[in-house]
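Now for the letters of each chain:
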Amino acid sequence: MHGGYLDVEDQLLSHPNITRRALGAWGATLSIWGDSTLTWKMRDTGSSLNRIWNRHWSTPPEHHGWLYEQLRAGNLDALYQLGPGTGVNLGELYVALYHCPDDGIGFVVITTRTGKRLGRDTGWRPIELRGERLDYAISRFSFF
């Protein structure tokens, strides 16, 4: 895969219907768990896109691609095969769930520090969730 590394924010911006909300300098710089908070919205409706869950794992790099393919195939429970996540900004692998309740859409984003160290694009992009898959993801992976 060619190109530069895409972190969570770059991956979100790579989606044609996600844009950054203009909140001023403080909103752009407020960062918790690896990505800015309160800065995302859906381009076509202007609805807010909020991170509702995230975790880090200390897993070997060879598991990362497998996990991404499992999530793309709809196997959201594959995350549990990695063991418990750290829940803090520690670990090699980062997975987050974003939700736009007004539009009934969600996105799973996965990134890894290995890709960042190598400076390569992993090819991973936000995984879109709707309907039953979205409802299931929210029920399983939420801070609430």
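This is a predicted model, so every value here is computed, not measured.

Considering the packing of aromatic side chains
So, point 1. Tallied over the full model, the rule gives 4 aromatic pairs.
So, point 2. Centroid distance tryptophan 53 to tryptophan 57: 6.2 Å. Interplanar angle 50°. Geometry classified as tilted.
So, point 3. Each residue in the set Trp53, Trp57, Tyr80 and Phe141 is aromatic and connected to the rest through ring pairs, giving one cluster.

Quick look at the confidence of the model for the protein chain
So, point 1. Confidence in the prediction of the protein chain, expressed as mean pLDDT, is 82, and 82% of residues score 70 or more.
So, point 2. Note that pLDDT drops below 50 for residues 24-34; the model gives that stretch 18 contacts with residues more than four away or on any other chain.

Here's the deal with the sheet that holds strand E1 (residues 18-20)
So, point 1. A sheet is described by the order of its strands in space; here 6 strands give the open sequence E1-E4-E5-E6-E7-E8, paired in antiparallel fashion. Either end of the sheet is taken by a strand with one partner, and the two such strands are E1 and strand E8 (127-130). Between one strand and the next, the sheet's axes are offset by a mean angle of 30°, whatever the strand orientation.
So, point 2. Summarising the sheet, E1 and strand E4 (residues 40-42) pair through 3 bridges and their orientation is antiparallel. Residue isoleucine 18 lies in a different strand from E4, and its bridge partner there is methionine 42.

Some remarks on the nonpolar core
So, point 1. In this structure, Leu67, Leu79, Val95 and Leu97 are the most contacted members of the largest nonpolar core, which totals 21 residues.
So, point 2. Broken down by secondary-structure element, the contributors of at least two residues to this core are strand E5 (48-57), helix H3 (62-72), strand E6 (93-100), strand E7 (105-112), E8 and helix H5 (131-140).
So, point 3. Apart from the residues within four sequence positions on either side, leucine 97 is in contact with Asn50, Arg51, Ile52, Trp53, Phe107, Val108, Leu129, Ala137, Ile138 and Phe141.
So, point 4. One finds Ile18, Met42, Ile105 and Phe107 within the second-largest nonpolar core, a separate group that totals 13 residues.

Describing the pattern of salt bridges
So, point 1. For the structure on display, the rule yields 5 salt bridges.
So, point 2. Two residues, arginine 72 and glutamate 69, come together in a salt bridge whose shortest N-O distance is 3.7 Å. Taken together, the residues span about one helical turn, with arginine 72 and glutamate 69 both in helix H3 at a distance of 3 residues.

Things to note about the environment of leucine 129
So, point 1. With respect to the secondary-structure elements, leucine 129 resides in strand E8.
So, point 2. Counting along the chain gives 55 residues from leucine 129 to glycine 74, while the straight-line C-alpha distance between them is 8.8 Å.
So, point 3. Those residues within four positions of leucine 129 in sequence are excluded, and the remaining contacts are Leu97, Gly104, Ile105, Gly106, Val108, Leu134 and Ala137.

Concerning the pairing of E5
So, point 1. Counting buried positions along E5 yields 7 of 10 residues, so the element is predominantly enclosed.
So, point 2. Alignment of E4 against E5, held across 2 bridges, turns out to be antiparallel. Counted as the bridge partner of lysine 41 is serine 48 from E5.
So, point 3. Hairpin connection of E4 to E5: 5 residues between the antiparallel strands, including glycine 46 at a positive phi of 80°.
So, point 4. For E5 and E6, the ladder comprises 7 bridges, and the chain directions are antiparallel. Looking across to E6, one finds that arginine 51 is bridged to tyrosine 98.

What to know about H3
So, point 1. Those residues of H3 lying buried are His64, Leu67, Tyr68 and Leu71. What you see down the axis of H3 is that its buried residues fit within an arc of 100°, all on one side.
So, point 2. Next to the buried residues of H3 lie E6, E7, helix H4 (113-118), E8 and H5.
So, point 3. Once H3 ends, the next one or two residues include glycine 74, with phi positive near 95°.

Conventions adopted
Residues numbered from 1 in each chain as written. Predicted model: local features only at pLDDT ≥ 70, side-chain atom pairs only at ≥ 80, totals over all residues. Heavy atoms only, no water. Phe/Tyr/Trp six-rings, centres within 6.5 Å; stacked < 30°, edge-to-face > 60°. pLDDT = per-residue confidence, 0-100. Contact = heavy atoms within 4.5 Å. Pairing = 2+ DSSP bridges. Helix = DSSP H or I, 4+ residues; strand = E, 2+ residues; numbered from the N terminus. Axes fitted to C-alpha atoms, helices over the stretch in contact; angles between N-to-C directions. Core = buried A, V, L, I, M, F, W, Y, C linked by side-chain atoms within 4.5 Å. Buried < 20%, exposed > 50% of the residue type's maximum accessible area, 1.4 Å probe, protein only. Salt bridge = Lys/Arg side-chain N within 4 Å of Asp/Glu carboxyl O. Arc of directions from axis to C-beta.

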